[in-house]
Amino acid sequence: MNYEEFIEAVELFGIISNMSKKDIKKRYLKLSKKYHPDMESGSHEKFTKLKESYDILQNYMENYSFSFEADEFKKQFPSFMNYKNWVK
């Protein structure tokens, strides 16, 4: 995978920041129905590209390094900041 392929995948899925793996899977299922070769608006070429893009995104998300810093936690879960002693 290179950066250009990654960007193409992000654009094909219409990904915005802070999407979960679950959100991306839902988007994949929706798009796969649309682009499936048996559908009126589908084609084998588009469907294959979608699958390749999904594989790229899954690979990226599975191998992503997570930060366990307090600032990153606060950024990801701002609603938990109201609870005492969770993150100092």
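Residues numbered from 1 in each chain as written. Predicted model: local features only at pLDDT ≥ 70, side-chain atom pairs only at ≥ 80, totals over all residues. Heavy atoms only, no water.

Going by what an unreviewed UniProt entry lists, the chain is known as Chaperone protein DnaJ and is assigned to Arcobacter porcinus.

Peer 1: Could you give an account of the packing of helix α1 (residues 3-13) against helix α3 (residues 44-62), with specific residues and numbers?
Peer 2: The contact between α1 and α3 brings their axes to 9 Å, and the two run at 110°. The angle between the axes of α1 and α3 places the two elements in the roughly perpendicular class. The interaxial crossing formed by α1 with α3 has left-handed handedness. Only Lys49, Leu50, Ser53, Tyr54, Ile56, Leu57 and Tyr60 of α3 make contact with α1, whose side of the interface consists of Glu5, Phe6, Glu8, Ala9, Val10, Leu12 and Phe13. In terms of residue class, the contact of α1 with α3 is built from 10 nonpolar, 1 polar and 3 charged. (Axes fitted to C-alpha atoms, helices over the stretch in contact; angles between N-to-C directions. Helix = DSSP H or I, 4+ residues; strand = E, 2+ residues; numbered from the N terminus. Parallel < 35°, antiparallel > 145°, perpendicular 65-115°, else oblique. Left-handed = near helix turned anticlockwise from the far one by under 90°. Contact = heavy atoms within 4.5 Å. Nonpolar A, V, L, I, M, F, W, Y, C, P; charged D, E, K, R; others polar.)

Peer 1: If you had to explain the packing of aromatic side chains to someone new, which residues and values would you point to?
Peer 2: Here the structure, examined in full by the defined rule, presents 5 aromatic pairs. Where tyrosine 3 meets phenylalanine 6, the ring centres are 6.3 Å apart and the plane angle is 35°; that geometry is what we call tilted. Here tyrosine 3 pairs with phenylalanine 6, and both are found in helix α1, just 3 residues apart, close to one helical turn. In this structure phenylalanine 6 comes out as buried when scored by relative accessible area, which is 16%. When the ring of phenylalanine 13 is compared with that of tyrosine 54, the centres are 6.2 Å apart and the planes differ by 25°; the resulting orientation is stacked. Of the two residues, phenylalanine 13 is situated in helix α1 and tyrosine 54 in helix α3; the sequence distance between them amounts to 41 residues. No difference in accessibility class separates phenylalanine 13 from tyrosine 54, as the two residues are buried. (Phe/Tyr/Trp six-rings, centres within 6.5 Å; stacked < 30°, edge-to-face > 60°. Buried < 20%, exposed > 50% of the residue type's maximum accessible area, 1.4 Å probe, protein only.)

Peer 1: How would you explain the side chain of serine 32 if you had to name every residue and give the values?
Peer 2: In this fold, serine 32 is placed in helix α2 (residues 21-35). On the accessibility criterion, serine 32 (12% relative accessible area) is buried. Apart from residues no more than four positions distant in its own chain, serine 32 is found in contact with Phe47 and Leu50.

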